[in-house]
Amino acid sequence: MASSTVRPADQARQPERDAARRLLESSAKLSYDPATEVDWDTPLDEDFHGMSPEWSTLYGTRYWQELTEAQRKELTRQESASVASTGIWFEMILQQMVLRDMYAKDPTDPRFQWALTEIADECRHSIMFGRGAAKLGAPAYRPGRFVIELGRVFKTVAVGEAAYASILVAEEVLDVMQRDWMRDERVVPFVRTINNIHVVEESRHMKFAREETRARLRKAGPLRRQVQALVVSIASYFIVTSMVNREVYANAGLDTERALAEARANQHHKSLMRSSCSGLMEFLASAGLLTRPAVAVYRRAHLI
């Protein structure tokens, strides 16, 4: 006679299954179709910014003070498009990592079903970001070749908590800045709509990433935590430092070398990044992923 005993491994994963089931229910009730929700047809109104100007890499610098209002708006539109393009690049890495993690697993498991739902969301988001960048009048910004190749390696070899914690870092940083942009009436309306869609749907993705990170770390020893913490911090460094492509300055009509120098020295922007990551760092610390070497990398990226 078949035993009705629940296997210990299955029992241990029940909280994650319950969480995935709730996420599926939330997705069924509150999801958007960017093809119809975003106003793609109205021509770009150049009287608006592309992001909250306070989030510009040059905000508060001497160069920013010298710019005309029209130049500031064009710069923020190019920067917003660059952030969107970097988001597409990482979302493609994310999709591959999640697919690989779920390969040949139980399709009746809510975790499996949620993972596919998340991938479907990310596909829509990438199309949405691509259309948004084009409407902002920006080219296809991409990370440098070295970073692209690192991403290719990372999406192939990253497993477990390294994959999910890296997903969380990327999404948390985007979430904080986009919450500001979607409420800011100085930002062009279609970008505000894009940000609102992304914030709502990514909140579910971040919850899943936190649950998976905690679950994968339950049986992790000290050495594994040390290694994975460093891997996550290095991935985070390259994600964050790739958000604003150097070409945005030339495309906004600025002196690239001067803009880069002032952006690198911009204490306002560094402070903004650190404050936006405070909750994320608390989570990483609680998960045992904020080791001394990892902290050094996060400091270099101005995330802590």
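Up top is the structure.
Please read all numbers here as calculations on a predicted model, not as lab measurements.

**Student:** How should I be thinking about the overall build of the chain in this particular structure?
**Tutor:** Counting its regular elements, the chain contains 15 helices and 0 strands. Taking 2.2 N^0.38 as the reference for a compact globule, 304 residues should give roughly 19 Å; the C-alpha atoms of the chain span a radius of gyration of 20 Å, in line with that estimate. Taken along its principal axes, the extent of the C-alpha atoms in the chain is 80 × 45 × 30 Å. Across the 304 residues in the chain, those meeting the buried criterion constitute 53%. Residue pairs at least 24 apart in sequence account for 83% of intrachain contacts in the chain once pairs closer than 6 positions are excluded. When the accessible area of the chain is evaluated, it comes to approximately 14,300 Å², of which 55% is carbon and sulfur surface. Seen as two clouds, the 41 positive and the 40 negative side-chain charges of the chain have centres 7 Å apart.

**Student:** Can you help me understand the environment of Thr57 in this one?
**Tutor:** Counting through the fold element by element, Thr57 comes out in the loop between helix 3 (34–37) and helix 4 (62–66). Sequence-wise, Thr57 and Ala263 are 206 residues apart; in three dimensions their C-alpha atoms are separated by 5.3 Å. Sequence-distant contacts of Thr57, that is, excluding residues within four places in its chain, are made with Glu79, Val244, Tyr249, Ala263, Asn266 and His269.

**Student:** Got a minute to help me understand unusual backbone geometry in this structure?
**Tutor:** Trans peptide bonds make up most of the peptide bonds, and negative phi angles are found at most residues other than glycine. For Ala104, which is not a glycine, the phi torsion comes out positive at approximately 65 degrees. Of note, Ala104 is situated in the loop between helix 5 (69–102) and helix 6 (110–135). Despite not being glycine, His302 has its phi angle at roughly 60 degrees, a positive value. Checked against the element boundaries, His302 lands in the segment after helix 15 (292–300). Overall, the relative accessible area of 28% leaves His302 in the partly exposed class.

**Student:** Just checking my understanding: could you explain the packing of aromatic side chains for this structure?
**Tutor:** The relative placement of two aromatic rings is captured by the distance of their centres and the angle of their planes. What the rule picks out here adds up to 7 aromatic pairs. Here Lys135 stacks its cationic end above the ring of Phe190, 4.7 Å away from the centre of that ring. The positively charged end of Arg258 is found above the aromatic ring belonging to Tyr63, 4.2 Å away from the centroid.

**Student:** Can you walk me through the side chain of Ser82 in this structure?
**Tutor:** Within the element layout of this structure, Ser82 appears in helix 5. With a relative accessible area of 1%, Ser82 lands in the buried category. In contact with Ser82, not counting residues within four places along its chain, are Tyr141, Met243, Val244, Asn245 and Val248.

**Student:** Quick question: what am I supposed to make of the packing of helix 5 against helix 6 here?
**Tutor:** Geometry of a packed helix pair, given as the angle between the helix axes and the separation of the axes. Orientation of helix 5 relative to helix 6, taken along the N-to-C sense of each, is 160 degrees, at an axis distance of 9 Å. Judged on the interaxial angle alone, helix 6 and helix 5 are roughly antiparallel. Of the two elements, helix 5 crosses helix 6, and the hand of that crossing is left-handed. Taken together, the residues that form the contact of helix 5 with helix 6 break down as 14 nonpolar, 5 polar and 4 charged.

**Student:** So what exactly am I meant to see when it comes to the environment of Met243 here?
**Tutor:** Within the secondary structure, Met243 sits in the loop between helix 10 (222–241) and helix 11 (247–251). On the basis of relative accessible area, Met243 is assigned to the buried category, the value being 7%. Between the C-alpha atom of Met243 and that of Val147, which follows or precedes it by 96 residues, the distance is 12 Å.

**Student:** Help me understand the nonpolar core, please; the structure alone is not making it clear to me.
**Tutor:** Ile167, Met177, Leu284 and Leu303 are the most contacted members of the largest nonpolar core, which has 56 residues in total. With 12 residues, the single largest contributor to this core is helix 8 (residues 160–183). Apart from the residues within four sequence positions on either side, Met177 is in contact with Trp55, Val83 and Met243. Counting residues in each nonpolar core, the second largest holds 29 residues, with Leu67, Leu254, Ala259 and Leu260 among its members.

**Student:** I tried to follow the pattern of salt bridges on my own but got confused; where do I start?
**Tutor:** Two side chains that carry opposite charge are able to pair once their charged atoms sit near each other. Throughout the structure, instances matching the rule amount to 22 salt bridges. Across the pair Glu149 and Arg152 runs a salt bridge, and its minimum N-O distance is 3.1 Å. A residue pair is termed a helical-turn pair when its members lie 3 or 4 positions apart in one helix, as Glu149 and Arg152 do in helix 7 (residues 145–157) at 3 residues. On the basis of relative accessibility, which here comes to 32%, the residue Glu149 falls in the partly exposed class. Assessed through its relative accessible area of 43%, Arg152 is described here as partly exposed.

What counts, and at which threshold
Residues numbered from 1 in each chain as written. Predicted model: local features only at pLDDT ≥ 70, side-chain atom pairs only at ≥ 80, totals over all residues. Heavy atoms only, no water. Helix = DSSP H or I, 4+ residues; strand = E, 2+ residues; numbered from the N terminus. Rg over C-alpha atoms; globule rule 2.2 N^0.38 Å. Buried < 20%, exposed > 50% of the residue type's maximum accessible area, 1.4 Å probe, protein only. Contact = heavy atoms within 4.5 Å. Areas by Shrake-Rupley, 256 points an atom, 1.4 Å probe, with all protein chains shown as cover. Lys, Arg positive; Asp, Glu negative; His and termini not counted. Charge placed at Lys NZ, Arg CZ, Asp CG, Glu CD. Phe/Tyr/Trp six-rings, centres within 6.5 Å; stacked < 30°, edge-to-face > 60°. Lys NZ or Arg CZ within 6 Å of the ring centre and 35° of its normal. Axes fitted to C-alpha atoms, helices over the stretch in contact; angles between N-to-C directions. Parallel < 35°, antiparallel > 145°, perpendicular 65-115°, else oblique. Left-handed = near helix turned anticlockwise from the far one by under 90°. Nonpolar A, V, L, I, M, F, W, Y, C, P; charged D, E, K, R; others polar. Core = buried A, V, L, I, M, F, W, Y, C linked by side-chain atoms within 4.5 Å. Salt bridge = Lys/Arg side-chain N within 4 Å of Asp/Glu carboxyl O.

Distances and angles like these do not, on their own, reveal function.
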